[in-house]
Amino acid sequence: MRFAPLWRAEFRATQRLALPLILTNLSLTLIGATDVVMIGWLGANELAAASLGSSLIMTTVIFCMGLITATAPMMASERGRKAHSVRDLRRTFRQGLWVSVVISSLVWLVLWQTAPILRMLGQNEDLASLAGTYVRACMWSILPYLWVLLIRNFLSVMERPGWSLVVGIAGVFVNAGCNYALMFGGFGLPAMGLVGAGIGSVLANLFMLLAMMAILRMHPRFRRYSLFGRWWRSDWARFRTLWKFGVPIGVAMALEDAIFIVAVMMMGWFGPNTLAAHAIALQIGSIAFMVPLGLAQAATVRIGIGFGRQDHGLIRRAGWTAFFLTIAFMVGMALLIATQRDLLVSLFMSAEHPAHSEIAELAVSFLGIAALIQIADGVQVVCTGMLRGLHDTRWPMIFAFSGYSVWGIGFGAWLAFARGWEGLGIWVGLGSGISVVALLVLGRWLLRYRLGLLPASSGHN
């Protein structure tokens, strides 16, 4: 019974940290949805071109995000090791700035060639050219976006993520306003169409970056860290460590993203109705995914603090608290999706419409599989976040490769084409891949003592 207050305190700490992170993730998703809606007003060609360009951008940015994600467990363990440390957190933050510049520069070189890349992949000439123009305007948002992510990691480590939420919500409105002004000629500006949408993304990310920097500058708790002070000073050992931890995270995140990109491509081979039904089912699952993602981010920070303190009790409580909160939510989502599939699909289209009946029927069948994999999806993301808190990133990357490539893509393709299951087979493959990864990362967390993942204990409960 004497441990009950510690578990209650951890539940409150995780809840306070995770809720703003979840809402911030949703606000960033809303920014992307706003772009899609407003670009759709320009026309079908513009929407198709932006979709092609955005897919290429996200393929590269996912890896970049993984690199910067590594700063969270590093700064958390440094704060756990010495609660009032300033220099160590600032040095890790500074190397995060450096890594962002290096990786953004490499990505810009690739994205500048968007049109030739899309032509090489067999895309329509006009769409490839339009997508290339859009990407050349939009790609400059990558560096400010990575710096915003870096500051979000710092605020999470300081257990003050509410500021990220405030800026994220403001960013939704700034992005919409910039799009309106630059795409359609609002406020007396010239109408720039798709290029305006790209510039709007740059301005929205710059706004969020400047707002975040202002908070760091003015808030008395953050001001003393002088995070952007003497940014030119090198720390090559920490720079290498950030790449060592960050590359496996980036690869794992890219593999997870790749399985869904490949699934979309394979769905397209079965016709537009199958592809549309897949998009509906995937959108519903993506919204639910924001909750375990936020809990995983909170777990990384809380476990990282325990790792720095050499506090096995805190590590255990932080991990299992996030785990069971994730399980509870995803069980609820699984039941909701399983029992309300028709209602959820009707939010996107009416099954009564003759042209939509087949799409709705397929989407309902896909959601049946999506309901079954909700729990596994939650387990894989939260356990991966828990292991990151222990600075364990290499094996989760290997698990992601084996689970997503062999089971997710390989088994799904076999069911879809060799067994004739078509779109349903691809969804079963997705579920299998996610389930394999979930079991592997959960097993590694359970064996953390035997595998030597924990620091020497300092005697904390």
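Notes on the structure follow. (Residues numbered from 1 in each chain as written. Predicted model: local features only at pLDDT ≥ 70, side-chain atom pairs only at ≥ 80, totals over all residues. Heavy atoms only, no water.)

## So, the overall build of the chain
Thought 1: Along the chain, the regular secondary structure elements total 17 helices and zero strands.
Thought 2: For the chain, whose C-alpha radius of gyration is 22 Å, the value lies close to the compact-globule estimate of 23 Å for 461 residues.
Thought 3: Across its three principal axes, the chain shows a C-alpha extent of roughly 65 × 55 × 35 Å.
Thought 4: Long-range contacts, defined here as pairs at least 24 residues apart, represent 82% of the contacts in the chain between residues at least 6 apart.
Thought 5: Of the charged side chains in the chain, 35 are positive and 19 negative; the average position of the first set lies 21 Å away from that of the second. (Helix = DSSP H or I, 4+ residues; strand = E, 2+ residues; numbered from the N terminus. Rg over C-alpha atoms; globule rule 2.2 N^0.38 Å. Contact = heavy atoms within 4.5 Å. Lys, Arg positive; Asp, Glu negative; His and termini not counted. Charge placed at Lys NZ, Arg CZ, Asp CG, Glu CD.)

## Here's the deal with the pattern of salt bridges
Thought 1: Taken as a whole, this structure holds eight salt bridges when the rule is applied.
Thought 2: Notably, a salt bridge pairs Arg 119 with Glu 125, separated by 2.9 Å at the nearest N-O pair.
Thought 3: In this structure Glu 125 comes out as partly exposed when scored by relative accessible area, which is 44%. (Salt bridge = Lys/Arg side-chain N within 4 Å of Asp/Glu carboxyl O. Buried < 20%, exposed > 50% of the residue type's maximum accessible area, 1.4 Å probe, protein only.)

## Remarks on the packing of helix α12 (residues 272-309) against helix α13 (residues 312-339)
Thought 1: Where α12 contacts α13, the axes come no closer than 8 Å and their chain directions differ by 175 degrees. When the interaxial angle is binned, α12 and α13 end up roughly antiparallel. Across the interface between the two elements, Ile 284, Ala 288, Val 291, Pro 292, Leu 295, Ala 299, Arg 302, Ile 303, Ile 305, Gly 306, Phe 307 and Arg 309 from α12 touch Leu 314, Ile 315, Ala 318, Gly 319, Ala 322, Leu 325, Thr 326, Phe 329, Met 330, Met 333 and Ile 337 from α13.
Thought 2: Looking at the contact of α12 with α13 residue by residue, the classes come out as 18 nonpolar, three polar and two charged. (Axes fitted to C-alpha atoms, helices over the stretch in contact; angles between N-to-C directions. Parallel < 35°, antiparallel > 145°, perpendicular 65-115°, else oblique. Nonpolar A, V, L, I, M, F, W, Y, C, P; charged D, E, K, R; others polar.)

## Description of the packing of aromatic side chains
What describes a pair of aromatic rings is the distance from one ring centre to the other and the angle between the planes of the rings.
Thought 1: With the rule as written, the count across this model stands at 23 aromatic pairs.
Thought 2: With a centroid separation of 6.0 Å and 80 degrees between ring planes, the pair formed by Trp 231 and Trp 232 is classed as edge-to-face.
Thought 3: Relative to Phe 239, the ring of Trp 236 lies with its centre 5.5 Å away and its plane at 80 degrees, an arrangement referred to as edge-to-face. In this pair, Trp 236 and Phe 239 both sit in helix α11 (residues 236-268), three residues apart, roughly one turn of the helix.
Thought 4: Each residue in the set Phe 93, Trp 147, Phe 154, Phe 222, Tyr 225 and Phe 228 is aromatic and connected to the rest through ring pairs, giving one cluster. (Phe/Tyr/Trp six-rings, centres within 6.5 Å; stacked < 30°, edge-to-face > 60°.)

## Looking at helix α7 (residues 142-157)
Thought 1: Between the first and last C-alpha of α7 there are 23 Å, a value that for 16 residues agrees with the 22 Å anticipated at 1.5 Å per step.
Thought 2: Buried residues dominate α7, accounting for 14 of its 16 residues. (Expected span 1.5 Å × (residues − 1).)

## Digging into the packing of helix α15 (residues 357-389) against helix α17 (residues 423-446)
For any two helices packed against each other, the geometry comes down to the angle between their axes and how far apart the axes lie.
Thought 1: Where α15 contacts α17, the axes come no closer than 8 Å and their chain directions differ by 25 degrees. In terms of orientation, α15 and α17 fall into the roughly parallel class. As α15 packs across α17, the resulting crossing turns out to be left-handed.
Thought 2: Of the residues contributing to the contact of α15 with α17, the split by class is 18 nonpolar, six polar and two charged. (Left-handed = near helix turned anticlockwise from the far one by under 90°.)

## Points about the side chain of Thr 114
Thought 1: Following the sequence through the fold, Thr 114 ends up in helix α5 (residues 114-120).
Thought 2: For Thr 114, a relative accessible area of 1% gives the class buried.
Thought 3: There is a polar contact of 2.5 Å between the side chain of Thr 114 and the backbone oxygen of Leu 111.
Thought 4: Beyond its immediate sequence surroundings of up to four residues, Thr 114 is in contact with Leu 56, Ala 131, Gly 132 and Val 135. (Polar contact = N/O pair within 3.5 Å; in protein donor to acceptor, adjacent residues only side chain to side chain.)

## Focus: the environment of Gly 429
Thought 1: Note on placement: Gly 429 falls in helix α17.
Thought 2: In this structure Gly 429 comes out as buried when scored by relative accessible area, which is 0%.
Thought 3: Once the C-alpha coordinates of Gly 429 and Leu 111 are considered, the two residues, 318 residues apart in sequence, prove to be 31 Å apart.
Thought 4: With near-sequence residues (within four places) excluded, Gly 429 lies in contact with Trp 407, Gly 408, Phe 411 and Gly 412.

## Overview of unusual backbone geometry
Thought 1: Of note in the backbone geometry, His 391 takes a positive phi value of approximately 60 degrees without being a glycine.
Thought 2: Position of His 391 among the secondary structure elements: in the loop between α15 and α16 (394-418).
Thought 3: For His 391, a relative accessible area of 19% puts it in the buried group.

## Side note on helix α2 (residues 44-69)
Thought 1: Look at α2: 35 Å from first C-alpha to last across 26 residues, which is about the 38 Å you get at 1.5 Å a residue.
Thought 2: Of all the bends found along α2, the most pronounced is centred on Val 61 and spans about 25 degrees. (Bend = angle between axes of the 7 residues up to and from the residue.)

## Observations concerning the nonpolar core
Thought 1: With 76 residues, the main nonpolar core has Phe 93, Leu 111, Tyr 134, Ile 142 and Phe 154 as its most contacted residues.
Thought 2: For this core, the leading source of residues is α2, giving eleven residues.
Thought 3: Apart from residues no more than four positions distant in its own chain, Leu 111 is found in contact with Leu 56, Ile 57, Thr 60, Val 135, Met 139 and Ile 142.
Thought 4: Formed by 57 residues, the second largest nonpolar core is a distinct cluster that contains Ile 373, Val 382, Met 386 and Leu 387. (Core = buried A, V, L, I, M, F, W, Y, C linked by side-chain atoms within 4.5 Å.)

None of this, on its own, says anything about what the molecule does.
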